[in-house]
Amino acid sequence: MEKKFFQTSIKDSLFTGLIALALFGPIVGLRTVAKNEVLEVHPKWFIVLIIVVVCAVGRFLTNLYVYNRDQKTGIQSSIGKSISNFLDTKGYQIALTAIIFSVIFPFLPFTDRYLMDIAIMMLTYIMLGWGLNIVIGLAGLLDLGYVAFYAVGAYSYALFAIHFGWSFWICLPIAGIFAAMFGVLLGFPVLRLRGDYLAIVTLAFGEMIRILLLNWYQLTKGPDGLTGIPRPSFFGLPFKSFPDEGEQTFHTFFGIEYDPMQRIIFLYYLILVLALITNLFTIKIRRLPIGRAWEALREDEIACKSLGVNPRNTKLTAFAIGAMFGGFAGSFFATRQAFISPESFTFIESAIIVAIVVLGGMGSQTGVVLATVFLIGLIEVFRDFESYRMIAFGGAMVLIMIFRPRGILATRKPTITLEKSSSKWVKNY
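Residues numbered from 1 in each chain as written. Predicted model: local features only at pLDDT ≥ 70, side-chain atom pairs only at ≥ 80, totals over all residues. Heavy atoms only, no water.

Overview of the overall build of the chain
Then, in step 1: Helix and strand counts for the chain stand at 16 helices and 6 strands.
Then, in step 2: Expressed as a percentage of the 429 residues in the chain, the buried residues total 42%.
Then, in step 3: Look at the contacts in the chain between residues 6 or more apart in sequence, and 69% of them connect residues 24 or more apart.
Then, in step 4: For the chain, the exposed area adds up to about 23,700 Å²; of that, 68% sits on carbon and sulfur atoms. (Helix = DSSP H or I, 4+ residues; strand = E, 2+ residues; numbered from the N terminus. Buried < 20%, exposed > 50% of the residue type's maximum accessible area, 1.4 Å probe, protein only. Contact = heavy atoms within 4.5 Å. Areas by Shrake-Rupley, 256 points an atom, 1.4 Å probe, with all protein chains shown as cover.)

Right, dumping it as structure tokens:
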């Protein structure tokens with residue numbers, strides 16, 4: 001049996017190497033360089049050889065890992081259970097430690113503007129992941145157009161703030177309401193769809209919103225985008241280096257010297273609070289009847305109907321609430337960037353958010369955080385290697401799906417369970 005396995009694995013590895021040679025040979029091996037207005041071919045076959053060897057060896061090691069895992073059944077599940085038990089016993093301590101670290105992060109000695117920007121971006125994706133986790137992780141509805149609600153929230157905030165001069169705190173709930181309305185608008189046509197068909201329709205919905213923003217020039221300025229989006233203030237105190245006559249700003253009110261990092265730190269704490277509110281809301285609503293209805297719908301829609309749960313209302317609430325948090329994140333994105341355009345809301349954004357939810361473990365709040373740190377952090381590590389960033393991103397997803405096919409944190413206790421020793425329901429907090 002082992003001899004046959006090794007023969008098959010070697011053949012599979014060689015075939016993988018041939019595919020890598022066919023793919024990377026023309027792209028990497030035959031590099032063209034412009035010299036004196038003439039394109040010259042500079043072969044880089046050594047790099048191609050390294051890539052082919054890495055792909056072949058990686059395929060063989062992957063087959064070996066899968067073979068050993070199949071021979072030792074139960075190991076993966078026991079590892080998942082041990083991780084789950086550890087999080088159950090130490091979950092509050094870990095969460096409290098993470099929150100404390102997040103609070104003091106801007107004032108640590110090694111923190112600079114670059115790290116703050118990365119932290120703000122990661123917190124934005126964490127908030128988006130927690131919002132989409134309601135739709136995919138809890139309700140089991142595959143949504144590939146989540147970026148549409150992100151865009152609706154951003155444009156709603158930008159348009160109201162620019163044309164009416166409303167503050168961030170007024171436009172924030174309005175952006176969430178508009179995004180929730182679009183969530184319901186998406187939910188009605190897909191009430192009878194499941195699986196791949198649901199994914200295709202939601203993907204089309206996201207592209208429809210992007211094309212609408214691109215072509216409705218009178219309202220959205222199309223590809224030119226919206227500029228001059230107002231920044232949020234600290235309880236009416238703007239962050240300005242040179243205040244107008246008689247105007248109170250943040251640094252003049254507190255009697256400190258102006259520093260551009262003050263606005264960055266304020267934005268960091270703003271998205272941190274929004275993300276924590278999203279997490280707290282999700283944890284609380286899971287314990288309510290609507291949250292248990294989402295989980296029942298995810299497990300079996302037919303059984304859900306037989307128990308008297310209305311699938312229509314359950315799906316619509318999941319789409320609306322998930323879209324609302326996407327709208328909140330979009331409004332923060334608009335005020336942080338001060339410029340938005342349809343190019344900021346492409347399908348790749350939806351793919352990244354879905355990948356965060358799936359790779360983290362559907363339904364797991366902690367898994368979303370870990371997946372965001374892993375994926376977004378990996379993209380930033382490879383920022384200097386722009387040509388290889390998406391290769392690293394795709395490779396990371398492949399590795400996680402091989403070693404943790406159900407996500408980083410695949411095991412999660414249901415919100416409510418029935419004890420074996422009695423007929424009492426026990427809530428898992």
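The discussion continues.
Observations regarding the packing of aromatic side chains
Both the distance between ring centres and the angle between the ring planes are used here to describe each pair of aromatic rings.
Then, in step 1: The full count for this structure, using the stated rule, is 19 aromatic pairs.
Then, in step 2: Taking the centre distance of 5.8 Å and the plane angle of 50 degrees together, the rings of Phe160 and Phe178 count as tilted. Of this pair, Phe160 sits in helix α5 (residues 147-164) while Phe178 sits in helix α6 (residues 168-187); the two residues are 18 residues apart in sequence, bridging distant segments of the chain.
Then, in step 3: Residue Phe178 is classed as partly exposed on the basis of its relative accessible area, which comes to 31%.
Then, in step 4: Grouping aromatic residues by their ring pairs yields a cluster made of Phe101, Phe105, Phe107, Phe110, Tyr268 and Tyr269. (Phe/Tyr/Trp six-rings, centres within 6.5 Å; stacked < 30°, edge-to-face > 60°.)

Focus on the nonpolar core
Then, in step 1: Core analysis: the largest hydrophobic core is formed by 86 residues, its most contacted members being Leu132, Tyr268, Trp294, Ile340 and Phe345.
Then, in step 2: Among the elements that line this core, the one with the most residues is helix α4 (residues 113-138), at 16 residues.
Then, in step 3: With sequence-adjacent residues up to four places away left out, Leu132 is seen in contact with Gly137, Asp143, Tyr146, Ile353, Val354 and Val357. (Core = buried A, V, L, I, M, F, W, Y, C linked by side-chain atoms within 4.5 Å.)

As for the side chain of Thr124
Then, in step 1: As for its placement among the helices and strands, Thr124 is situated in helix α4.
Then, in step 2: Judged by relative accessible area, which is 5%, Thr124 ranks as buried.
Then, in step 3: A distance of 2.8 Å separates a polar atom in the side chain of Thr124 from the backbone oxygen of Ile120. (Polar contact = N/O pair within 3.5 Å; in protein donor to acceptor, adjacent residues only side chain to side chain.)

Some details on the pattern of salt bridges
Then, in step 1: Tallying each qualifying case throughout the model produces 3 salt bridges.
Then, in step 2: Measuring nitrogen to oxygen at the nearest pair gives 3.3 Å for the salt bridge that ties Asp117 to Arg113. Remark: Arg113 and Asp117 occur in helix α4; sequence separation between them is 4 residues, near one turn of the helix.
Then, in step 3: A salt bridge links Arg210 to Glu207; the shortest N-O distance between them is 3.0 Å. In this pair, Arg210 and Glu207 both sit in helix α7 (residues 195-215), 3 residues apart, roughly one turn of the helix.
Then, in step 4: Residue class for Arg210 comes out buried when judged on its relative accessible area of 18%. (Salt bridge = Lys/Arg side-chain N within 4 Å of Asp/Glu carboxyl O.)

A few points about the confidence of the model for the chain
Do not read the fine detail of predicted coordinates wherever pLDDT is low.
Then, in step 1: Of all residues in the chain, 83% have pLDDT values of 70 or greater, and the mean over the chain is 79.
Then, in step 2: By mean pLDDT, the top-scoring element of the chain is α5 (90), and the lowest-scoring one is strand β6 (residues 425-427) (52). (pLDDT = per-residue confidence, 0-100.)

Section: α4
Then, in step 1: If you check α4, its first and last C-alpha atoms are 36 Å apart, about what 26 residues at 1.5 Å a residue would give, namely 38 Å.
Then, in step 2: Its axis deflected by about 40 degrees at Leu132, α4 carries its strongest bend there.
Then, in step 3: Burial runs high along α4: 21 of the 26 residues are buried.
Then, in step 4: In the segment just after α4, Gly140 is the residue with positive phi, at about 75 degrees. (Expected span 1.5 Å × (residues − 1). Bend = angle between axes of the 7 residues up to and from the residue.)

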